[in-house]
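# Residue-level structure breakdown
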Amino acid sequence: MTLVNHELRRGRTALLVWTVSIGFLMAVCIFLFPEMKGEMDGVSEMFASMGSFTQAFGMDRLSFGTLTGFYAIECGNILGLGGAFFAALVAIQSLAGEEKEHTAEFLLTHPVSRNRVVAEKLLAVVLQIVLLNLVILLISLGSVTAIGETFPWKELGLLHLAFFLLQLELAGICFGLSAFLRRGGMGLGLGIAAMAYFINLIANITEKAECLRYVTPFAYTEAADILTELTLDWPLVALGMAYGLIGIAAAFWRYGKKDIA
């Protein structure tokens, strides 16, 4: 587990920055809820009449006047985008970083197989994602309790689970791509996460693009669907996990054959 510990130490600053940033923004939104609660009915009606824009974010089926609706729209977007960017960045730089930082020539001279290198780096990526989500969940729980509200575990628990699965899928895909890169690929990781987000918006706006839901993990994180049906879209989740596993399998295959500079 030496490599896992090394990866966690190397990524601790980024993990801390992203966790604090996402958690702080979500806490600010939660603390604003009591002040805005009484004014949200009019806002909900206004958003509900904005056509395609409303459909894109699912605001026609959620109420800003309730904690779950407000949390899903405001905090959900922060955690969705922030978590997706973090997972993509950590994964896309994992294997490519060995060549970029010229540490591969030191690492691969030790009696450790390439498969073990990939496995431990993958474990480090997953652990960082788990830590990010656990801390953010605790921050959210503390913030909701601080404003005198009851944390709706079933609804918001499902929402957090959906975003966690989204991050795992993106991490798996970017981890696979990382094995094909010789540099960090930061821009590529951010681009993939952003593209997945906007593809989902397009799929929500028009029924003609509904097929795009099958290629973006944001499709199974739709707060309106989760809060109204109290379940995840498990076929979409299974498809997303399959994409992630394909990326991981590609990482093991490519890294094992790669001519590392």
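Structural notes, computed from the coordinates. If you're wondering where the values come from, they're calculated on a predicted model, not measured in any experiment.

## Re the side chain of Thr216
- Counting through the fold element by element, Thr216 comes out in the loop between α10 (186-205) and α11 (223-229).
- Filtering out sequence-adjacent residues up to four positions away, Thr216 remains in contact with Ala196, Ile199 and Asn200.

## Focus on empty space enclosed by the protein
- Summed over all chains, the structure comprises two cavities of 30 Å³ or more.
- In this structure, the second largest cavity encloses a volume near 40 Å³.
- Together, Glu169, Arg213, Tyr214, Val215, Thr216, Pro217, Tyr220, Leu236, Leu239, Gly240 and Tyr243 line the second largest cavity.
- At four residues, helix α12 (residues 234-257) tops the list of elements feeding residues into the lining of the second largest cavity.
- Residues of the lining of the second largest cavity, tallied by class, amount to seven nonpolar, two polar and two charged.

## Thoughts on the packing of helix α9 (residues 153-178) against α10
- The geometry of α9 relative to α10 is characterised by a closest axis approach of 11 Å and an angle of 145 degrees between their N-to-C directions. By crossing handedness, the relation of α9 to α10 is classed as right-handed. Contacts from Leu170, Cys174 and Leu177 of α9 reach α10 at Leu188, Gly189, Ile192 and Ala193.
- Residue composition of the contact of α9 with α10, by class: six nonpolar, one polar and no charged.

## Topic: unusual backbone geometry
- Backbone geometry places Leu230, a non-glycine residue, at a positive phi of 55 degrees.
- Counting through the fold element by element, Leu230 comes out in the loop between α11 and α12.

Conventions and cut-offs
Positions within a chain are numbered from 1, following the residues in the order the chain's sequence is written. Reporting of local features is limited, given that this is a predicted model, to residues whose pLDDT is at least 70; pairs of side-chain atoms are given and counted only at 80 or more, and all residues count toward the totals for whole chains, interfaces and linings. Remark: hydrogens and water are excluded; side-chain values derive from all non-hydrogen atoms of the structure. Counting from the N terminus, the helices are DSSP H or I runs at least four residues long and the strands are E runs at least two residues long. Two residues qualify as a contact provided that any one of their heavy atoms is within 4.5 Å of a heavy atom in the partner residue. The pocket and cavity definitions rest on a 1 Å grid over protein atoms only: a 1.4 Å probe that fits but cannot leave marks a cavity, an open set with protein on both sides within 12 Å along at least five of seven lines marks a pocket, and residues lining either have an atom within 4 Å of a point. Grid points are joined across faces, edges and corners, and a volume is the space filled by probe spheres set on the points. Each residue gets one label: Ala, Val, Leu, Ile, Met, Phe, Trp, Tyr, Cys and Pro are nonpolar, Asp, Glu, Lys and Arg are charged, and the others, such as Gly, are polar. Where helices are involved, their axes are fitted lines through C-alpha atoms of the stretch in contact, as for all axes, and angles between N-to-C directions lie from 0 to 180°. In a left-handed crossing the near helix is turned counterclockwise from the far helix by less than a right angle, and in a right-handed crossing that turn is clockwise.

Nothing here speaks to function; it is all geometry.
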